[in-house]
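Okay, here's what each chain looks like letter by letter:
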Amino acid sequence: MSIYLGVNIDHIATLRQARGTIYPSPIEAALLCEKSGADSITLHLREDRRHIQDNDVKVLKEKITTKMNLEMAATDEMVEIASKIKPEDCCLVPEKREELTTEGGLDIVSQINRITNVCNKLQDANIKVSLFIDAEKSQVDAAKKCGAKIIELHTGHYANATNKEQQLLELNKIKTMASYANKIGLQVNAGHGLTIENTYAIAKLPEVVELNIGHSIIARAVFIGLEKATREIKNLMLTARK
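A quick note: this is a predicted structure, and the numbers were derived from the prediction, not measured. (Residues numbered from 1 in each chain as written. Predicted model: local features only at pLDDT ≥ 70, side-chain atom pairs only at ≥ 80, totals over all residues. Heavy atoms only, no water.)

Visitor: How should helix 11 (residues 226–240) be read in this particular structure?
Guide: An α-helical turn contains 3.6 residues, so any two residues separated by three or four positions project in the same direction. Spanning 15 residues, helix 11 covers 22 Å between terminal C-alpha atoms, matching the ideal 21 Å at 1.5 Å per step. In this structure, the buried residues of helix 11 make contact with strand 1 (4–8), helix 2 (26–35), helix 9 (199–203), strand 8 (208–213) and helix 10 (215–224). (Helix = DSSP H or I, 4+ residues; strand = E, 2+ residues; numbered from the N terminus. Expected span 1.5 Å × (residues − 1). Contact = heavy atoms within 4.5 Å.)

Set out below in structure tokens:
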């Protein structure tokens, strides 16, 4: 079974916004990532516009040759933007203004009606919807109930584990929920905190269709270049499936 890589280019925009310049270009980065084996381009248009800007989304949709995966909060503003831009995929994520990055999965259980409504609106616009959730059965069941066809399992707890025992515990949670979600008809993606050191075990899970990786690729690219950093982790993922 194939496995696909979505490269998140948010932090190219973070570097640009740090100085308020026009460089480095997220569009140039996205095209280079595609050339280097990325199967899709992921970007998060946050409510505070701290990195990706509205025009980035518009231009990227016109320029990229693979597909766009737009991460977004489940707000009316973001639904309206997505419905106009029409990315191939939208991933609904939790969002707090004060956080440095997304800190956990979306709590679907507590807002089934809202998430169902957003899923319906996006799917009516012919956009595939995924829900970024923790590896918990209640959240997987809620995702299914909302009508989403895809989930993205949050791998942050696994990635941030401070010892082997904790890491194995978190990996087993992901493994169990990936299998369960697959059995009830959901496509399983995964992402958050994945690096060249910890991606292999997640990529090896047969139910996982796509990994979304960003920060570690961009950080590694500082030393070895974006093209090589993208190819390196894509090759690791493919090796895990042999």
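Alright, that's what it looks like, and here's the rest.
Visitor: What exactly am I supposed to notice about the nonpolar core here?
Guide: As a rule of thumb, nonpolar side chains are buried together in soluble globular proteins. By size, the foremost hydrophobic cluster in this structure holds 72 residues, and its most contacted members are Leu 92, Ile 108, Leu 122, Leu 131, Leu 153 and Leu 211. When sequence neighbours within four positions are dropped, the list of residues in contact with Leu 211 reads Ile 3, Tyr 4, Leu 5, Gly 6, Ala 190, Leu 194, Thr 199, Ile 202, Ala 203 and Met 237. (Core = buried A, V, L, I, M, F, W, Y, C linked by side-chain atoms within 4.5 Å. Buried < 20%, exposed > 50% of the residue type's maximum accessible area, 1.4 Å probe, protein only.)

Visitor: What is the right way to read the sheet that holds strand 8 from this model?
Guide: Strand pairing in a sheet takes place through backbone hydrogen bonds and is either antiparallel or parallel in direction. Strands sit in the order 1-2-3-4-5-6-7-8 around a closed barrel of 8 strands; the barrel is parallel. Strand after strand, the sheet turns through a mean of 25 degrees between neighbouring axes, direction not considered. Direction of pairing for strand 2 (residues 40–44) relative to strand 3 (residues 68–72): parallel, over a ladder of 4 bridges. Bridging from a neighbouring strand, His 44 pairs with Glu 71 of strand 3. In the packing of helix 3 (residues 54–63) onto the sheet, contacts are made with strand 2 and strand 3, and the angle to strand 3 comes to roughly 160 degrees. (Pairing = 2+ DSSP bridges. Axes fitted to C-alpha atoms, helices over the stretch in contact; angles between N-to-C directions.)

Visitor: What is the right way to look at the packing of helix 10 against helix 11 in this model?
Guide: The axes of two packed helices give the description: the angle between them and the distance between them. Packing of helix 10 against helix 11 brings their axes to within 7 Å, and their N-to-C directions diverge by 125 degrees. Classified by the angle their axes make, helix 10 and helix 11 are oblique. In terms of crossing hand, the pair formed by helix 10 and helix 11 is right-handed. Here Ile 217, Ile 218, Arg 220, Ala 221 and Ile 224 of helix 10 come into contact with helix 11, specifically with Leu 226, Lys 228, Ala 229, Thr 230, Glu 232 and Ile 233. (Parallel < 35°, antiparallel > 145°, perpendicular 65-115°, else oblique. Left-handed = near helix turned anticlockwise from the far one by under 90°.)

Visitor: Any chance you could explain the packing of helix 2 against helix 11 here in plain terms?
Guide: Between helix 2 and helix 11, the least distance of the axes is 9 Å, while the angle of their chain directions is 45 degrees. Between helix 2 and helix 11, the crossing angle belongs to the class labelled oblique. Where helix 2 crosses over helix 11, the handedness of that crossing is right-handed. Here Ala 29, Leu 32, Cys 33 and Lys 35 of helix 2 come into contact with helix 11, specifically with Leu 226, Glu 227, Thr 230 and Arg 231. Each residue belonging to the contact of helix 2 with helix 11 can be placed in one class, and the counts come to 4 nonpolar, 1 polar and 3 charged. (Nonpolar A, V, L, I, M, F, W, Y, C, P; charged D, E, K, R; others polar.)

Visitor: Help me understand the environment of Asn 160 in this model?
Guide: Here Asn 160 is to be found in the loop between helix 7 (156–159) and helix 8 (164–183). Between the C-alpha atom of Asn 160 and that of Ile 22, which follows or precedes it by 138 residues, the distance is 33 Å.

Visitor: Where do I start with helix 4 (residues 76–85) in this structure?
Guide: Turning to helix 4, its buried residues are Met 78, Val 79, Ile 81 and Ala 82. Along the axis of helix 4, the buried residues cluster in a sector spanning 165 degrees; they form a single face. Away from the buried face of helix 4 by more than 90 degrees, exposed residues Asp 76 and Lys 84 are located. Looking at the buried positions of helix 4, the neighbouring elements they touch are helix 3, strand 3, strand 4 (89–92) and helix 5 (112–124). Phi turns positive one or two residues past the end of helix 4, at Lys 86, with a value near 60 degrees. (Arc of directions from axis to C-beta.)

Visitor: Would you mind going over the pairing of strand 1 with me for this structure?
Guide: Where a strand is regular, its side chains alternate between the two sheet faces. Within strand 1, 4 of the 5 residues are buried, which leaves the element mostly enclosed by the surrounding structure. Where strand 1 lies against strand 8, 4 bridges are found, and the strand directions are parallel. Its bridge partner lying in strand 8, Gly 6 is registered against Asn 212. Pairing geometry for strand 1 and strand 2, over 3 bridges, is parallel. Looking across to strand 2, one finds that Gly 6 is bridged to Ser 40.

Visitor: How should unusual backbone geometry be read in this particular structure?
Guide: Residue Pro 24 follows Tyr 23 across a cis peptide bond; omega there is -5 degrees. Mapping Pro 24 onto the fold places it in the loop between helix 1 (10–19) and helix 2. Positive phi outside glycine occurs at Arg 49, with the angle close to 55 degrees. Here Arg 49 is to be found in the loop between strand 2 and helix 3. Overall, Arg 49 belongs to the buried group, its relative accessible area being 18%. One non-glycine residue with positive phi stands out, namely Asn 126, at about 65 degrees. Structurally, the position occupied by Asn 126 is in the loop between helix 5 and strand 5 (128–133).

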